[in-house]
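Here is what each chain is made of, one letter per residue.
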Amino acid sequence: MGSKEVFLPCLLLLFCLGCKCLASELEATQTATLKVDASSQLARKIPDTLFGMFFEEINHAGAGGIWAELVSNRGFETGGLHTPSNIDPWSIIGDDSSVFVATDRTSCFSRNIIALRMEVLCDDCPAGGVGIYNPGFWGMNIEDGKTYNLVMYVKSAEAAELTVSLASSDGSQKLASVTVPVAGTSNWTKVEQKLIAKGTNRTSRLQITSNKKGVVWFDQVSLMPSDTFKGHGFRKELISMLLDLKPRFLRFPGGCFVEGEWLRNAFRWRESIGPWEERPGHFGDVWHYWTDDGLGYYEFLQLSEDLGAAPIWVFNNGISHNDEVSTAAIAPFVKDVLDSLEFARGDANSTWGSVRAAMGHPEPFPVKYVAIGNEDCGKKYYLGNYLKFYNAIRVAYPDIQMISNCDGSSKPLDHPADLYDFHVYTDSKTLFNMKGTFDRTSRTGPKAFVSEYAVWRSDAGRGSLLASLAEAAFLTGLEKNSDIVQMASYAPLFVNDNDQTWNPDAIVFNSWQQYGTPSYWMQKFFRESSGAMIHPATISSSYSSSLAASAITWQDSGNSFLRVKIVNFGSDQVSLTISATGLQASINALGSNATVLTSSNVMDENSFSNPNKVVPVTSQLRNAAEQMQVTLPAHSFSSFDLALAQSQLVAEM
C-alpha cells in the first residue's frame, strides 16, 4: 500500500509539471500584428544622407588600421623635438657592443627634423650583420607573392652597403631581401626599392643591417603594400567592409581626437597635408598614441570620394578638454578653417586649392558639411567661438551646412545652425526605449545629426547581439523621424585588437584578419534606407513594448521592394501577422527574402576564431503576400523584403 500511496502523488506531480511545461511553451510564443500602409499618400522620402559613418583615429583605427603604412614611427619623431627621442618600436639587431643608435637633428626635412644615427661598432660582425628593425603595428602582415614598396632616406660619410629585409618576428625566416648601396656623401639620398615576398608571415618585421663598421643616418622609412584600395593607401579588406554598408557620408577625423586633451595635441590639418615625408605627425593625447599623419586631411577627403560618401569635416574650434582660446583671440583659428575649406573646395589656381592639385586632385572635393567642434557645448567660449566660425563660413561658403555641438532635440537652440549634434552611449534597455526620442522633437528648426550612437559597457561586451538589437530599434525610430533626423552614424567604427581603448566597435581587426560585430551586421539592414520611402507601420500586441518596427520601399537595379524590419527585444518568440495595404503592385514571392540576425545567447559575440557566430541569415520568403504569418525568434532582428512585381517607387519619388 505504501508504494501505491507514493506512486499516485508522483503521478499527479508529473501531470502537473507536464501541464506547467505545456503552459510555459504556450506562453513562450507571443502574437502580434504589424500593419503597414504603403500608399503613396502617406509615404515620405527619407533623406539621401540618413545613414553614414563616423571615423575617429581611436583604437589605432587609422595608424595601423585602414592606413596601410606598415612601419610604425617611420620618421623617428615619436619623442617630439627633443633628443634623444623615443624611437619605439624600433630596436637593434645585435647588442650594445656591436651597434649603437641615437637620434639627432640632422634630418633634411624642415618640419620633422629628427633622424636616426646608427653606428656599426664591430669589425667582424656576426653573419647577417647588425642594425635596426621595426615590427610595425604588432607585426607586419607579409604575404607570399605580394610586392611591398620601400622608401627611405639615408646618408653616410663613407660608402656603405645595407641589406633591407622582410623577416619573421625573430629574424630567422627571410621573406624578401634587397641590397642597398650608400654612396659616401654628406647629402641625404632617397632610396626606393620593391620587395617581393617569398613566403607568408603574419607577424613580420622590416630590418636594415650592415656588416661594415661606420655610421649611417636614416629618416622617413616607409613600407607600403602595392595593392592598396584604388592605389590611395588604404587597406583593401577593411575598406571593402565599409563599402558593404553603402555609407552616404563620412564624418572625420574625430571625435575627441579633434579636440585633444590639450590644444597643442589637437589635429592640425595643415600639418597633415603635402608630401608625407614633410608631415611632422603628432601625439594624440586623448587616445595615447603617436600618429605620423600619413592619414591626413587630404586622405580623408579622398576616402570620402572613394566611398561615394559626403565628407563631413569636424574641426577644432579653439577648445580642447583642458584649455580654450577666448573668442577675442579666435580669429587665427577661423582663418585656418577658411583655408582648410579653400584647400578642399578652391579651384586649382587658388592658394590652397593649388596645394591640393599638386597632391594629385585638381578637381575640388565637395565639402558641404562642417561640424564646429566636438562635444564642446556648454564650455566657456564655445558659443562665442561658434558664432565667429559660423558667420565667417556663411559669408565665404553660403551652401555649407554647419553643425552645432549643442543638442536641440528637447529645446530650441539659442544660436543659428543647420544641424545639431546628438550623441548617445548607454545600456541596451535605455537605447531600445529611446526609439521614440525624436517623436516629441519640434518639426521646425535645425535637423538632428546623430553622429555617435552605441550600446556600451556591461551588456555590450566586445559587441553583443543584445547591443545590436537595441541599436536596431533606435534606428527604426530615426527612420520614422527622418523628417527631422538627417544623418546618423555608429561609433566607434574600428578597433585594432591590440589596442582596445574603447569597446565595443563595429569592426575588429589585426594585421591580417577582420570581422564585423553584430552591430556591424545590424547596420547592413539599413543600408538601403537612405533615399528610400518610409511608410507608417503600426504594431498591435500586448507584447508591443518589446517590439520595434519600420517599413520602407526601395529600389535595386530597377527592382522594387517593400522592406519590413522588426526587432524582437524580448525573450519570447513572436507569431507575427504582417498586413500591407496600399501597395501599387502585387508581391512576387520568388524574389522575396527573409533575413534574420539572432543567436542562441543574447550576449553572443563574434571573434577571430568564430567570425560568423552572429551574422544575418537569408532565406527565400515563400509565403510572401500582402498578408502573411511569420515567426520572430526571441532576441532577434528580422527583415522581410517583399519583391514588387511592378516599379512602385518611380511614381512615389
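Topic: the sheet that holds strand E1 (residues 29-37)
Across the sheet, which stays open at both edges, the four strands sit in the order E28-E1-E31-E34 with mixed pairing between neighbours. Two strands in the sheet have a free side with no partner beyond their single neighbour: strand E28 (537-540) and strand E34 (627-632). Strand-to-strand twist in this sheet, taken as the mean axis angle between neighbours without regard to direction, amounts to 25 degrees. Bridge count between E1 and E28: four bridges; the pairing is antiparallel. Each bridged residue has a counterpart across the sheet, and for Leu34 the counterpart in E28 is Ile539.

Some thoughts on empty space enclosed by the protein
Under the counting rule described, the total for this entry stands at three cavities of 30 Å³ or more. In this model, the largest cavity occupies a volume close to 100 Å³. Lining the largest cavity are 14 residues, with Phe51, Gly52, Leu245, Gln523 and Phe526 sitting closest to its centre. Per-element tally for the lining of the largest cavity: the top contributor is strand E23 (residues 485-490), with three residues. In the lining of the largest cavity, the residues fall into nine nonpolar, three polar and two charged. As a volume, the second largest cavity reaches approximately 60 Å³.

Notes on the environment of Ser489
Its location among the elements puts Ser489 in strand E23. Counting along the chain gives 34 residues from Ser489 to Gln523, while the straight-line C-alpha distance between them is 9.4 Å. Engagement of the side chain of Ser489 in a polar contact is seen with the backbone oxygen of Ser451, the distance being 2.8 Å.

Regarding the side chain of Asn59
The topology assignment puts Asn59 in the loop between strand E3 (53-54) and strand E4 (91-93). The buried category is assigned to Asn59, whose relative accessible area is 0%. Within the structure, Asn59 has its side chain in polar contact with the backbone oxygen of Phe494 (distance 3.0 Å). For Asn59, the side chain forms a polar contact with the main-chain nitrogen of Trp502, separated by 2.9 Å. The contacts of Asn59, once residues within four sequence positions are left out, are Tyr289, Pro492, Phe494, Val495, Asn496, Asp499, Gln500, Thr501, Trp502 and Asp505.

Focus: the pattern of salt bridges
As enumerated under the stated definition, the model contains 28 salt bridges in all. A salt bridge links Asp376 to Lys379; the nearest nitrogen and oxygen atoms lie 3.1 Å apart. Judged by relative accessible area, Asp376 falls into the buried class, the value being 0%. Judged by its relative accessible area of 24%, Lys379 is partly exposed. Residues Arg563 and Glu528 are paired through a salt bridge, measuring 2.8 Å at the closest nitrogen-oxygen approach. With Arg563 in strand E30 (residues 559-568) and Glu528 in the loop between helix H10 (518-524) and strand E27 (533-535), this residue pair connects regions lying 35 residues apart in the sequence. Its relative accessible area of 6% is what places Arg563 among the buried residues. With relative accessibility at 11%, the residue Glu528 sits in the buried group. Members of the salt-bridge network, linked through shared partners, are Lys246, Arg527, Glu528, Arg563 and Asp641.

Here's the deal with the layout of surface pockets
Considered as a void within the structure, the largest pocket measures approximately 570 Å³ in volume. Lining the largest pocket are 27 residues, with Trp67, Met224, Gly231, Gly233 and Trp276 sitting closest to its centre. Within the residue set of the lining of the largest pocket, elements represented by two or more residues are strand E9 (147-156), strand E12 (185-196), strand E14 (214-225) and helix H4 (297-307). Tallied by class, residues from the lining of the largest pocket come to ten nonpolar, eleven polar and six charged.

Quick notes on unusual backbone geometry
For the peptide bond that leads from Phe252 to Pro253, omega is -5 degrees, which places it in the cis range. With respect to the secondary-structure elements, Pro253 resides in the loop between strand E15 (249-252) and helix H3 (256-259). Positive phi outside glycine occurs at Asn59, with the angle close to 60 degrees. Phi is positive for Gln220, which is not a glycine, with a value near 45 degrees. When you line up the elements, Gln220 lands in strand E14. On the basis of relative accessibility, which here comes to 2%, the residue Gln220 falls in the buried class.

Details of the packing of aromatic side chains
Counted according to the given criterion, the structure contains 37 aromatic pairs. Both rings, one in Phe55 and one in Phe300, keep their centres 5.5 Å apart while their planes meet at 55 degrees; by these two values the pair is tilted. Here Phe300 lies in helix H4 and Phe55 lies in the loop between E3 and E4, a separation of 245 residues in the sequence. Note on Phe55: relative accessible area 1%, which makes it buried. Look at Phe300 and you get buried, because its relative accessible area is 2%. Taking 6.5 Å as the distance between ring centres and 45 degrees as the angle between the ring planes, the aromatic pair formed by Phe252 and Tyr297 counts as tilted. Of this pair, Phe252 sits in strand E15 while Tyr297 sits in helix H4, and the two are 45 residues apart along the sequence. Above the plane of the ring of Trp217 lies Lys155, whose end atom (NZ or CZ) is 5.1 Å from the centre. The lysine or arginine in question, Arg251, covers the ring of Phe54, its NZ or CZ lying 4.3 Å from the ring centre.

What about the state of the cysteines?
As enumerated under the stated definition, the model contains two disulfides in all. With its sulfur 2.0 Å from that of its partner, Cys377 forms a disulfide with Cys406. Here the disulfide of Cys377 and Cys406 is right-handed, its torsion about the S-S bond being about 100 degrees. In this pair, Cys377 is assigned in the loop between strand E19 (369-372) and helix H7 (382-396) and Cys406 in the loop between strand E20 (401-404) and strand E21 (419-426), connecting sequence segments 29 residues apart. Judged by relative accessible area, Cys377 falls into the partly exposed class, the value being 38%. Given the relative accessible area of 8%, Cys406 is considered buried.

Definitions and limits used
- Residues numbered from 1 in each chain as written.
- Predicted model: local features only at pLDDT ≥ 70, side-chain atom pairs only at ≥ 80, totals over all residues.
- Heavy atoms only, no water.
- Pairing = 2+ DSSP bridges.
- Helix = DSSP H or I, 4+ residues; strand = E, 2+ residues; numbered from the N terminus.
- Axes fitted to C-alpha atoms, helices over the stretch in contact; angles between N-to-C directions.
- 1 Å grid on protein atoms, 1.4 Å probe; cavity = no way out; pocket = protein on both sides within 12 Å on 5 of 7 lines; lining within 4 Å.
- Points joined across faces, edges and corners; volume = space filled by probe spheres on them.
- Nonpolar A, V, L, I, M, F, W, Y, C, P; charged D, E, K, R; others polar.
- Polar contact = N/O pair within 3.5 Å; in protein donor to acceptor, adjacent residues only side chain to side chain.
- Buried < 20%, exposed > 50% of the residue type's maximum accessible area, 1.4 Å probe, protein only.
- Contact = heavy atoms within 4.5 Å.
- Salt bridge = Lys/Arg side-chain N within 4 Å of Asp/Glu carboxyl O.
- Phe/Tyr/Trp six-rings, centres within 6.5 Å; stacked < 30°, edge-to-face > 60°.
- Lys NZ or Arg CZ within 6 Å of the ring centre and 35° of its normal.
- Disulfide = S-S within 2.5 Å.

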